[in-house]
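Structural description and commentary
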Amino acid sequence: MFYGAVVWDPWLIVAQIVCLQCLYYVTLGIFLSLLVGTRVSRLSLVYFFDYVTITTSTVTGWCVIGAILISSVAGAVYMLYLIERAKKCLDFSATLYIIHLFICIVYGGWPSSITWWIVNGTGLAVMALLGEYLCIRRELREIPITRYRSNV
């Protein structure tokens with residue numbers, strides 16, 4: 001698609017949001033199982049959506065924080081392939097974290113921990129800025145033009 005001829009397609013936007021959200025949670029699940037699953041007897045949705053588990057006072061809490069931040073880096077890479085435009089990275093990152101906030105409110109109540117806000121704000125910034133950086137690098141690559149010499 002040419003970047004100048006942008007057509008507003010709401011179904012594409014919804015599909016990109018759903019794909020990005022699903023990939024983020026799959027990645028978060030993988031990293032939570034690797035980092036936290038070895039430390040606890042039973043891994044549950046509490047580690048995904050409850051603000052109480054994001055704490056700096058335990059090693060398990062630091063593992064949850066690490067999983068969230070690593071998932072943000074992976075989300076930036078997903079945006080490189082799903083979103084493809086640097087100017088849309090902040091919008092999609094913010095949408096992902098706003099949806100995550102709503103799910104956390106439904107699951108465990110309003111996040112009253114300052115640690116939760118700092119970790120998720122940092123994750124949002126990492127995902128948006130790294131996604132923009134990666135997309136800008138892709139957009140600024142030279143377009144290879146091959147010249148064929150005819151033997152006419």
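Only a predicted model underlies this, so the values are computations on that prediction, with no experimental measurement involved.

1. Side note on the packing of aromatic side chains
All chains considered together, the criterion is met by seven aromatic pairs. The interplanar angle of 80° and the centroid separation of 4.9 Å between the aromatic rings of Trp116 and Trp117 together place this pair among those described as edge-to-face. The class of Trp116 is buried, set by a relative accessible area of 3%. Through successive ring pairs, a cluster of aromatic residues spans Tyr24, Tyr25, Phe48, Phe49, Tyr97 and Tyr107.

2. Concerning the UniProt feature "transmembrane region" (unreviewed entry) in the protein chain
When the UniProt feature table is mapped to this numbering, "transmembrane region" (unreviewed entry) covers residues 12–39, 59–83, 90–110 and 116–136. Secondary structure over residues 59–83 splits into 96% helix and 0% strand, and the C-alpha atoms at its two ends are 35 Å apart. Between the C-alpha atoms that bound residues 90–110 the distance is 24 Å, and the span itself is 90% helix and 0% strand.

Criteria and cut-off values
Residues numbered from 1 in each chain as written. Predicted model: local features only at pLDDT ≥ 70, side-chain atom pairs only at ≥ 80, totals over all residues. Heavy atoms only, no water. Phe/Tyr/Trp six-rings, centres within 6.5 Å; stacked < 30°, edge-to-face > 60°. Buried < 20%, exposed > 50% of the residue type's maximum accessible area, 1.4 Å probe, protein only. UniProt positions renumbered as here; feature names shortened; annotations may be inferred. Helix = DSSP H or I, 4+ residues; strand = E, 2+ residues; numbered from the N terminus.

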